[in-house]
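# Understanding the architecture of this molecule
Now for the letters of each chain:
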Amino acid sequence: MSILERLTRFVAEVFKTNLEIFLEALKLSPNAQGYVSGSITELLLKKKLQEDYGFEVKRIREKWEGRKHPNHHGDFYFRKPTNSLWYVLESKGVKSNSEKWNKLYNYDQLKSFLILHADKIDWIDKEENVEPQVVSWLSENLPKFQDEYNETIYNFEDVKKYKHPKKENAKSKAILSLQDVAREKIGEMISERLNYLESKLKVLETHFVAGKSKSNEREQATPRINEFNIISVDIFLKYNEHQFFFANPKRLESSRKYPKHLRQNYIIGFVFFDADDRGTLNLSKDWCNDLNEIYETLNPDDAVLESEMREDTRNFIPIDQADDIDT
């Protein structure tokens, strides 16, 4: 039985519909797409841990009976077969709208952002003055920001809430020119610039958001540093394939206000694209695509107790068993 036939039978049994309706429903639901994407990332990550690194892997139960262990807020337990120590790994993705959120559709913000994160950019000579190198790269690779896109634009909300000063300045002039422009039009202007920008670079940024409650001992809505031992980020939203990068949370810069917590956003690096649309990864030194390197930074004292582990042993109908479904 072909994969298409198996998928058809699976959809019919589980969702009581056909592939056409299933696909249309999936296309109409960003939340569903996000959930499926997350499941795919976790499945590929588990296979990578097992097949590429030889780790023993167990899924961590999402819903616990009683209070969840504060240091088990991850997706997988893993250990080397030759070692009795179990560690916790959390799986995340990258922020989908980082370029927009950082307002990189404006030249000044884009230039400042690249200068700020020059330590993560391979084509910058760190021994030389950084700004001229960034300006030169922008001029060569994104020339529209020198002319067609040289004026600063603001999103609709910023325009509407802006209070004009008595003395006119560059910002007030720019916002005045947008005051009668519809929300949709401003959105289109920003999207046009972002599409142009992303033809040459994309930002790899984390989005570590977590619920805050007394039971999970969080003081802010981000993970505590000791909730897991290693964090994995899949960059497929900004790259042409699933690629995993790993970090030890104890070696990441902590929240300024709550030092026991991670920050919500870390710039992992960039993807730069050449004329043939080939992407080149430039990464922060805090992140590595070799899990073994990060594993070596772990402290054995931080391993979880096997007696406290809660493995997810729930059984689902996997797609490769669809042949056995009697429809």
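Every chain is numbered on its own, with residues counted from 1 as its sequence reads. It should be noted that, the model being predicted, local features are given only for residues of pLDDT at least 70 and side-chain atom pairs only at 80 or more, the latter also being counted only at that level, while totals for whole chains, interfaces and linings use all residues. Calculated side-chain values reflect all of the structure's heavy atoms, with hydrogen atoms and water omitted.

## Some words on the packing of helix α5 (residues 107-116) against helix α6 (residues 130-141)
Each packed pair of helices is defined by two parameters, the angle between the axes and the distance between the axes. Using the following cut-off: Think of each axis as a best-fit line through the C-alpha atoms, taken over the contacting stretch in the case of a helix, with angles from 0 to 180 degrees between the N-to-C directions. Under the scheme used here, helices are H or I runs from DSSP no shorter than 4 residues and strands are E runs no shorter than 2 residues, and both carry numbers assigned from the N terminus. By the definition adopted for this analysis, an angle is roughly parallel if under 35 degrees, roughly antiparallel if over 145, roughly perpendicular if from 65 to 115, and oblique otherwise. For any pair of crossing helices, the crossing counts as left-handed if the nearer helix is rotated counterclockwise from the farther one by less than a right angle, and right-handed if it is rotated clockwise. By definition in these notes, contact holds between two residues if any of their heavy atoms fall within 4.5 Å.
As a packed pair, α5 and α6 sit with axes 10 Å apart at the nearest point and diverge in direction by 130 degrees. One way to sum up the angle between α5 and α6 is to call them oblique. For the pair α5 and α6, the sense of crossing is right-handed. Together, Tyr107, Leu110, Lys111, Leu114 and Ile115 of α5 and Val130, Glu131, Val134, Val135 and Leu138 of α6 make up the contact between the two elements.

## Comments concerning a nonpolar patch on the surface
Heads up, the rule is: Surface patches are defined over residues having more than 30% relative accessible area and no salt bridge, joining like charges when they lie within 9 Å and nonpolar side chains (Val, Leu, Ile, Met, Phe, Trp, Tyr) when within 5 Å. Per-residue and other accessible areas follow the Shrake-Rupley method at a 1.4 Å probe size, with only the shown protein chains counted as cover for residues. A side-chain nitrogen of Lys or Arg and a carboxyl oxygen of Asp or Glu constitute a salt bridge if their distance falls within 4 Å.
On the surface, Val36, Ile40 and Leu44 cluster together into a nonpolar patch covering about 200 Å² of accessible area. For Leu44, the position within the fold is in helix α3 (residues 30-52).

## Regarding α5
What counts, and what does not: Partly exposed residues are those whose accessible area sits between 20% and 50% of the maximum for their type, while under 20% is buried and over 50% is exposed, using a 1.4 Å probe and protein chains only. Taken from the helix axis, the directions to the C-beta atoms give the arc we talk about.
Every buried residue of α5 is accounted for by Tyr107, Leu110, Lys111, Phe113 and Leu114. Across the axial projection of α5, the buried residues extend over an arc of 160 degrees, all falling on one side. Those residues of α5 that are buried are in contact with α6, α9 (183-197), β4 (201-205) and β7 (267-273).

## Considerations on the sheet that holds β7
Keep this limit in mind: When DSSP finds two or more bridges between a pair of strands, those strands are recorded as paired.
Strand order in the open sheet formed by three strands is β4-β7-β8, and the pairing between neighbours is antiparallel. Two strands bound the open sheet, and with one partner strand each, they are β4 and β8 (279-283). Neighbour-to-neighbour, the strand axes of the sheet open up by a mean angle of 20 degrees, direction not taken into account. One ladder, built from five bridges, connects β4 with β7; its direction is antiparallel. Note on β7: the bridge partner recorded for Lys202 is Val271.

## Topic: the packing of aromatic side chains
Note the cut-off: Put simply, two rings from Phe, Tyr or Trp (the six-membered ring, in Trp's case) pair if the centres are within 6.5 Å, and we call them stacked under 30 degrees between planes, edge-to-face over 60, tilted for the rest. Charges are assigned to positions over rings by a cutoff of 6 Å between ring centre and Lys NZ or Arg CZ, combined with an angular limit of 35 degrees from the ring normal.
With the rule as written, the count across this model stands at 16 aromatic pairs. With 6.3 Å between their ring centres and 45 degrees between their planes, Phe78 and Tyr87 make a pair best called tilted. An identical accessibility class is assigned to Phe78 and Tyr87; each is buried. Pairing Tyr87 with Tyr295 gives two aromatic rings, centres 5.7 Å apart and planes at 85 degrees, and the pair type is edge-to-face. One end of the pair, Tyr87, is in strand β3 (residues 87-93); the other, Tyr295, is in helix α10 (residues 291-295), with 208 residues separating them in the sequence. By relative accessible area, Tyr295 is classed as buried at 8%. Joined through ring pairs, the aromatic side chains of Tyr53, Phe55, Phe78, Tyr87 and Tyr295 make up one cluster. Here Lys144 stacks its cationic end above the ring of Tyr196, 5.2 Å away from the centre of that ring.

## A closer look at the nonpolar core
What counts is decided by this rule: We define a nonpolar core as any set of buried Ala, Val, Leu, Ile, Met, Phe, Trp, Tyr and Cys residues linked to one another through side-chain atoms lying within 4.5 Å.
Leu110 and Leu201 are the most contacted members of the largest nonpolar core, which totals 34 residues. Elements with a contribution of two residues or more to this core: α5, α6, α7 (156-161), α8 (170-176), α9, β4 and β7. Per element, the largest residue contribution to this core is five residues, and it comes from α9. The residues contacting Leu110, other than those within four sequence positions of it, are Leu104, Leu138, Leu142, Phe145, Leu197 and Leu201.

## Looking at the pairing of β3
Of all seven residues making up β3, six are buried, and the element is well covered by its neighbours. As judged from the three bridges shared by strand β2 (residues 76-79) and β3, these two strands associate in the antiparallel manner. In the sheet register, Tyr77 faces β3, and the bridge partner there is Val88. Here five bridges tie β3 to strand β5 (residues 230-234), and the two strands are oriented parallel to one another. Counted as the bridge partner of Ser91 is Ser232 from β5.

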